[in-house]
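# Analysis of the macromolecular model
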Amino acid sequence: QVSLVESGGGLVQAGGSLRLSCAASGRTFSSYTMGWFRQAPGKEREYVASINWNGITTYYPDSVKGRFTISRDNAKNTVFLQMNSLKPEDTAVYYCAAQIVRNRPYDYWGQGTQVTVSS
C-alpha cells in the first residue's frame, strides 16, 4: 500500500508560481512512475506531468509544457511540480499518483491540493 499526500497549493495571481509537493510512503517509491493530474469543476481529470523512476524521463501535455516542471527526490520519497507563469485556466485540484507497472492505470492517488489562479 502506498500513501500519497500533496501540499503546496494555494491562491496565486496570474503569472505567479507555485511548487507542489507529494510525499509518499513505502519503501518502493523509487521504482514507481509518478504523475500529476488536475481536475477543474465540471471538467474531466486532466494529465499534467509524469516522471519515470529515476527522474530522467518526463512528459507534459502541450497545455503546461514550458511552464511546469516535474521532479523527484527518491531519497525523500517526494515528487514535485514546479508551476510557473500560472494562468486562470490552471485553477483546479491537483493530484499526484503512483504507477506501479508502466503503461498501466495509476494505482495510488493522493487526496489533492487546491490551486487557484486569479486574473
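Just above, that's the structure.
What counts and what doesn't
- Residues numbered from 1 in each chain as written.
- Predicted model: local features only at pLDDT ≥ 70, side-chain atom pairs only at ≥ 80, totals over all residues.
- Heavy atoms only, no water.
- Helix = DSSP H or I, 4+ residues; strand = E, 2+ residues; numbered from the N terminus.
- Rg over C-alpha atoms; globule rule 2.2 N^0.38 Å.
- Buried < 20%, exposed > 50% of the residue type's maximum accessible area, 1.4 Å probe, protein only.
- Areas by Shrake-Rupley, 256 points an atom, 1.4 Å probe, with all protein chains shown as cover.
- Lys, Arg positive; Asp, Glu negative; His and termini not counted.
- Charge placed at Lys NZ, Arg CZ, Asp CG, Glu CD.
- Disulfide = S-S within 2.5 Å.
- Pairing = 2+ DSSP bridges.
- Salt bridge = Lys/Arg side-chain N within 4 Å of Asp/Glu carboxyl O.

On to the overall build of the protein. The helix and strand tally for the protein stands at zero helices and eleven strands. Sequence-ordered secondary structure for the protein, helices as α and strands as β, is β-β-β-β-β-β-β-β-β-β-β. For 119 residues, the compact-globule estimate of 2.2 N^0.38 gives 14 Å, and the protein sits close to it at 13 Å. Taken along its principal axes, the extent of the C-alpha atoms in the protein is 40 × 25 × 25 Å. Split into buried and exposed, the 119 residues of the protein put 45% on the buried side. Just so you have it, the protein exposes about 6,500 Å², and 48% of that area is on carbon and sulfur atoms. In the protein, 12 side chains carry a positive charge and 8 a negative one; their mean positions are 6 Å apart.

What follows deals with the state of the cysteines. Chemically, a disulfide is nothing more than a covalent bond linking the sulfur atoms of two cysteines. In this structure the tally under the stated criterion is one disulfide. Each sulfur of the disulfide joining Cys22 and Cys96 lies 1.9 Å from the other. Torsion about the S-S bond of the Cys22 and Cys96 cystine: about 45°, corresponding to right-handed handedness. Taken together, the residues span a long stretch of sequence, with Cys22 in strand E3 (residues 18-24) and Cys96 in strand E9 (residues 92-99) at a distance of 74 residues.

For the rest of this paragraph, the subject is the pairing of E3. Two faces belong to every sheet, and in a regular strand the side chains alternate between them. Of all seven residues that make up E3, five are buried, and the element is covered over most of its length. In this structure, strand E1 (residues 4-7) lies alongside E3, joined through four bridges in antiparallel fashion. Within E3, the residue paired with Val5 across the bridge is Ala23. For E3 and strand E8 (residues 78-83), the ladder comprises six bridges, and the chain directions are antiparallel. The residue bridging Arg19 from the neighbouring strand is Gln82, located in E8.

What follows is about the pairing of strand E5 (residues 46-51). Bridge analysis of strand E4 (residues 33-39) against E5 gives five bridges, and the strand direction is antiparallel. The partner of Gly35 across the bridge, within E5, is Ser50. Taking the residues that link successive antiparallel strands as the turn, the E4-E5 hairpin has six residues, and the phi of Gly42 there is positive, at about 80°. Here E5 runs beside strand E6 (residues 58-59); their pairing, made up of two bridges, is antiparallel. Bridging from a neighbouring strand, Ser50 pairs with Tyr59 of E6. Joining the antiparallel neighbours E5 and E6 is a turn of six residues, in which Gly55 adopts a positive phi near 80°.

It is worth spelling out the pattern of salt bridges at this point. In the structure shown here, the tally under the stated rule is four salt bridges. Lys65 is the salt-bridge partner of Asp62, the closest N and O atoms lying 3.5 Å from each other. Asp62 gets classed as exposed once you look at its relative accessible area, which sits at 67%. With its nearest N and O atoms 2.7 Å apart, the salt bridge here joins Arg67 to Asp90. Of the two residues, Arg67 sits in the loop between E6 and strand E7 (68-73) while Asp90 sits in the loop between E8 and E9, which places them 23 residues apart along the sequence. Across this residue pair, the class does not change: Arg67 and Asp90 are buried. Among the charged side chains, a network of salt bridges with common partners joins Arg38, Glu46, Arg67 and Asp90.

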